[in-house]
Amino acid sequence: MTAVAEELPTAFDEAADRPGPEGPEAAVGPETGEEEPVKQRKNGLYPGVSDELAENMKSGWADTELRGLEPIPQAAETAARRAALSARFPGERLVVPAGNLKTRSNDTEYAFRASVEYTYLTGNQTEDGVLVLEPTANGHQETIYLLPRSNRENGEFWLDGQGELWVGRRHSLTEAEKRYGIPAADVRELAGALREATGPVRVVRGHDAGIETALTDKVTAERDEELRVFLSEARLVKDAFEIGELQKAVDSTVRGFEDVVKVLDKAEATSERYIEGTFFLRARVEGNDVGYGSICAAGPHATTLHWVRNDGPVRSGDLLLLDAGVETHTYYTADVTRTLPIDGTYGTLQKKIYDAVYDAQEAGIAAVKPGAKYRDFHDAAQRVLAERLVEWGLLEGPVERVLELGLQRRWTLHGTGHMLGLDVHDCAVARTETYVDGTLEPGMVLTVEPGLYFQADDLTVPEEYRGIGVRIEDDILVTEDGNRNLSAALPRRSDEVEAWMAALKG
């Protein structure tokens, strides 16, 4: 960040928790229409703005309006999703916010990621946006409320901390209408309008405190939760656009895994952070970001399910459990795991444990098909792992007893998969009867990820098992006649993994 950013005054409309227009002497609050003093940084180097400079900054700027814009690629899909939402809640006003910037520290913010619900319905990803569906006699009137271009006449564009000179150009409302296929309006006028609204209203909570405050006497938690649940369940079956984006995410993720294998020697010389940084580079170059904190777990760290500290050593002879996924520019994420021998060859015991997990995953993937129960792939994988644990003498059989009592869970720990999409754990608030107790349908995308984890301090297993963790995870699309492994390009079988790693290392 440039040092100059410390020098200029900023103004914000605190009541609405979103930027307000400002001039060299005052900011106009959209709630009251009254002028408010410009807020300056305590230690800014400029005490104010001269009249001459303020006047100079108003003129001499080219027209940058973008013309001939095409709709976003998923415009037809987002329109269909809004139509389904409208049909589900006739006669009700529906409010779906994108969310606001969140402070990281002092005057710096986290990178913004719009709410899943808002992105799913609009394709837009800008902060402070709100989708509103107003009820009509024939359905709903849709409006997307956004921040317009920064005002150059009053100085907002260069004096406001979120002005375009500081954070970059945003689309005009006219441009937004063309891109998203939704009439656009100034979001700074929305809170006041919502306060005056009558009739039933539902809002997706947890993203925009200002919008929720404006609706505080018009909504109920129960009704709002019904809206959130509907939007979660609507994502259970992916459309063609979503499947294409998930495949893009997986393909980039495969390349990210290849990148990591090529630099394992450098990771050995440094730490797990080198692996994390290597994968992150691929995610940022080809996508928006990583879809979740990468798990780069070497040695005994592989037994910690969500090891994201990534600050441990990488040693030859140990295993590396890499659980990572690229998120596309449209927010769809892959979620893939491989457990790799750092020196390129599995040890005898490592291979035995790895092959058991591979066999469990094979059984789980085979159970993924239309008409099957969602739980079937989990049960199939757990049975294989329970059989191996009994076979190795770590559990007393019979296997049916082990499964009934869940004794294998000491070392398998977690469920065998989850839905995947705009969230890495997608559709999380769907009803139990439609998710884990539901039936698989074509278009669903889920992970199959069995694992075995022998903690370093587990005295119930032989010493040589302790500190070994193995997980294998792939992203599986339910098709009309079975399934398709979207991440099949990344080797899974132990001998294939070894050959793949050898080829990448030259």
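Cut-offs applied
- Residues numbered from 1 in each chain as written.
- Predicted model: local features only at pLDDT ≥ 70, side-chain atom pairs only at ≥ 80, totals over all residues.
- Heavy atoms only, no water.
- 1 Å grid on protein atoms, 1.4 Å probe; cavity = no way out; pocket = protein on both sides within 12 Å on 5 of 7 lines; lining within 4 Å.
- Points joined across faces, edges and corners; volume = space filled by probe spheres on them.
- Nonpolar A, V, L, I, M, F, W, Y, C, P; charged D, E, K, R; others polar.
- Axes fitted to C-alpha atoms, helices over the stretch in contact; angles between N-to-C directions.
- Helix = DSSP H or I, 4+ residues; strand = E, 2+ residues; numbered from the N terminus.
- Parallel < 35°, antiparallel > 145°, perpendicular 65-115°, else oblique.
- Left-handed = near helix turned anticlockwise from the far one by under 90°.
- Contact = heavy atoms within 4.5 Å.
- Phe/Tyr/Trp six-rings, centres within 6.5 Å; stacked < 30°, edge-to-face > 60°.
- Buried < 20%, exposed > 50% of the residue type's maximum accessible area, 1.4 Å probe, protein only.
- Lys NZ or Arg CZ within 6 Å of the ring centre and 35° of its normal.
- UniProt positions renumbered as here; feature names shortened; annotations may be inferred.
- Salt bridge = Lys/Arg side-chain N within 4 Å of Asp/Glu carboxyl O.

## A closer look at empty space enclosed by the protein
Enumeration over the complete set of coordinates arrives at 4 cavities of 30 Å³ or more. Of the volumes computed, that of the largest cavity is approximately 60 Å³. In terms of lining, the largest cavity is formed by Q74, R81, T119, Y120, G123, Q125, F241, T330, Y332 and L422. When grouped by side-chain class, the residues that make up the lining of the largest cavity number 4 nonpolar, 5 polar and 1 charged.

## Concerning the packing of helix α10 (residues 240-262) against helix α17 (residues 494-504)
Between α10 and α17, the least distance of the axes is 9 Å, while the angle of their chain directions is 70 degrees. In terms of orientation, α10 lies roughly perpendicular with respect to α17. Between α10 and α17 the crossing geometry is right-handed. For the pair α10 and α17, the contacting residues are F257, E258, V261 and K262 in the first and W500, M501 and L504 in the second. Each residue belonging to the contact of α10 with α17 can be placed in one class, and the counts come to 5 nonpolar, no polar and 2 charged.

## Focus: the packing of aromatic side chains
Here the structure, examined in full by the defined rule, presents 9 aromatic pairs. Arranged with centres 6.0 Å apart and planes meeting at 85 degrees, the rings of F257 and F279 form a pair that is edge-to-face. Here F257, found in helix α10, pairs with F279, found in helix α12 (residues 272-286); they are 22 residues apart in sequence, far enough to count as distant. In this pair, the class of F257 matches that of F279, namely buried. With a centroid separation of 5.2 Å and 75 degrees between ring planes, the pair formed by F454 and Y465 is classed as edge-to-face. Here the residue F454 occupies a position in strand β18 (residues 451-454), and Y465 occupies one in the loop between β18 and β19 (468-471), the gap between them amounting to 11 residues. Accessibility assignment for this pair places F454 and Y465 in one class, buried. Linked through ring pairs, W392, W411, F454 and Y465 together constitute an aromatic cluster. Seen from the ring of W61, R152 lies directly overhead, with NZ or CZ sitting 4.8 Å from the centre. Between R152 and the ring centre of F157, over which it is positioned, the NZ or CZ distance is 4.5 Å.

## Here's the deal with the environment of K351
Residue placement: K351 occurs in helix α13 (residues 348-366). Those residues in contact with K351, other than ones at most four positions away along the chain, are Y346 and S494.

## A look at the UniProt feature "domain: Aminopeptidase P N-terminal" (unreviewed entry) in the protein chain
The UniProt feature table records "domain: Aminopeptidase P N-terminal" (unreviewed entry) at residues 73-212. Secondary structure over residues 73-212 splits into 34% helix and 22% strand, and the C-alpha atoms at its two ends are 31 Å apart.

## Side note on the pattern of salt bridges
Scanning the entire structure with this criterion turns up 38 salt bridges. K218 is the partner of D217 in a salt bridge, and the nearest nitrogen-oxygen pair spans 3.9 Å. We classify D217 as exposed; its relative accessible area is 62%. Among the ionic pairs, R255 bridges to E286, the shortest N-O distance being 3.0 Å. In this pair, R255 is assigned in helix α10 and E286 in helix α12, connecting sequence segments 31 residues apart. For R255, a relative accessible area of 34% gives the class partly exposed. Bridged by salt links that share partners, the residues E92, R202, R223 and E226 form one connected network.

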